[in-house]
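Overview (structure and organization)
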Amino acid sequence: RVNETNANISAYCWKAGGPTYATNNDGSLTSYVSANTTAGFSIIKYTGNGSAGTTVGHGLNSAPEMIICKLCDGNGFNWIVWHRDIGDGKYLELNTNNAYQNQSDYNMFNSTAPTDSVITLGSIANTNNNTNAFRIWAWHSVEGYSRIGSYTGNGTHDEGPFITVGFRPAWLMVKKYDSGSEDWSIIDVARCPNTAHSQTIVWANLDSAEQNSGINRLRFSSTGFKITSTSGDSRWNTDGGKYIYMCFAEQPAKYKLGH
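Summarised in this report is the structure supplied together with it. (Residues numbered from 1 in each chain as written. Predicted model: local features only at pLDDT ≥ 70, side-chain atom pairs only at ≥ 80, totals over all residues. Heavy atoms only, no water.)

**What to know about the layout of surface pockets**
Unfilled space is identified by rolling a water-sized probe across the atoms. Let me state the cut-off plainly: Grid points spaced at 1 Å and placed over the protein atoms alone form the basis of the search, with a cavity being a set where a 1.4 Å probe fits but cannot get out and a pocket an open set showing protein on both sides within 12 Å along at least five of seven lines. Lining residues have an atom within 4 Å of a point. Grid points are joined across faces, edges and corners, and a volume is the space filled by probe spheres set on the points. The numbering of helices and of strands both runs from the N terminus, where a helix is a DSSP run of H or I of at least 4 residues and a strand a run of E of at least 2. The residue classification treats Ala, Val, Leu, Ile, Met, Phe, Trp, Tyr, Cys and Pro as nonpolar and Asp, Glu, Lys and Arg as charged. All others, Gly included, are polar.
When its volume is computed, the largest pocket comes out at roughly 880 Å³. Residue lining of the largest pocket: 23 residues in total, with Ser10, Ala11, Tyr12, Ile186 and Ala204 positioned closest to the centre. Contributing elements (two or more residues each) for the lining of the largest pocket: β10 (133–139), β13 (169–176) and β15 (200–203). Along the lines of polarity and charge, the residues of the lining of the largest pocket split into 18 nonpolar, three polar and two charged.

**Quick word on the side chain of Asp188**
This is how it is decided: Between buried and exposed lies partly exposed: a residue is buried under 20% and exposed over 50% of the maximum accessible area for its type, with that area taken using a 1.4 Å probe on protein chains only. Residues are treated as being in contact if the distance between any of their heavy atoms lies within 4.5 Å.
Position of Asp188 relative to the elements: it lies in strand β14 (residues 185–188). Assessed through its relative accessible area of 2%, Asp188 is described here as buried. If sequence neighbours within four positions are ignored, Asp188 has contacts with Tyr12, Ala170 and Trp171.

**Comments concerning unusual backbone geometry**
Backbone geometry follows two general trends: most residues other than glycine have a negative phi, and most peptide bonds adopt the trans configuration. In this structure, Ser111 is a non-glycine residue whose phi angle is positive, near 50°. Within the secondary structure, Ser111 sits in the loop between β8 (101–102) and β9 (118–120). In this structure, Thr131 takes a positive phi of about 75° despite not being glycine.

This is how it looks when you write it as structure tokens:
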């Protein structure tokens, strides 16, 4: 999985605060945080207590816009995703292609948005099972370096949506979240340097090898990315479809972040 002989392997790495975790008492439950406030990224460790409304500190100086949570010491638990643009009462699963689900059915984050200091947990096992160990990875946008957002598809090739992020992307993950069963699609310049032509895609929720179908699904520019696929490629551009994305810069214009 990480070192097969002669295999081509990609790794996506974010620099947090280093190997030492700082004790954080901003929340009602003690957390242990490795945070890079300049890059808008932190890793949070905590032990669940099973109580809805419990909060854990995240160590950033702005509210996270996307968080991924995983129960670490048990089997059979999904990777739970909260994204600002799908709403406080909804969540996704990184390891499935499901559309959003309602937190009223499964209380993942207590239908509460993160603040600039804490993340609120629900009572369900996937995010807050009593005595289990958890990790949360949390990001917020940083001008000139990263952008977390959403767009609406229009199903057209020549006039597809253009999403302005303020930099030339190096890594982009997109998920259709409102309906259907669409994968988490990733394009990056390490595997596919020339994004003006056919692109190889990998999917966060699948164990498949990368796919190069000869299709130009999007184009990166100096200020963002333009969707060029049609409604036939519903992972990117169904007419009226709702998509979230997380995007990071190839050459950050404002910050030197060691990415």
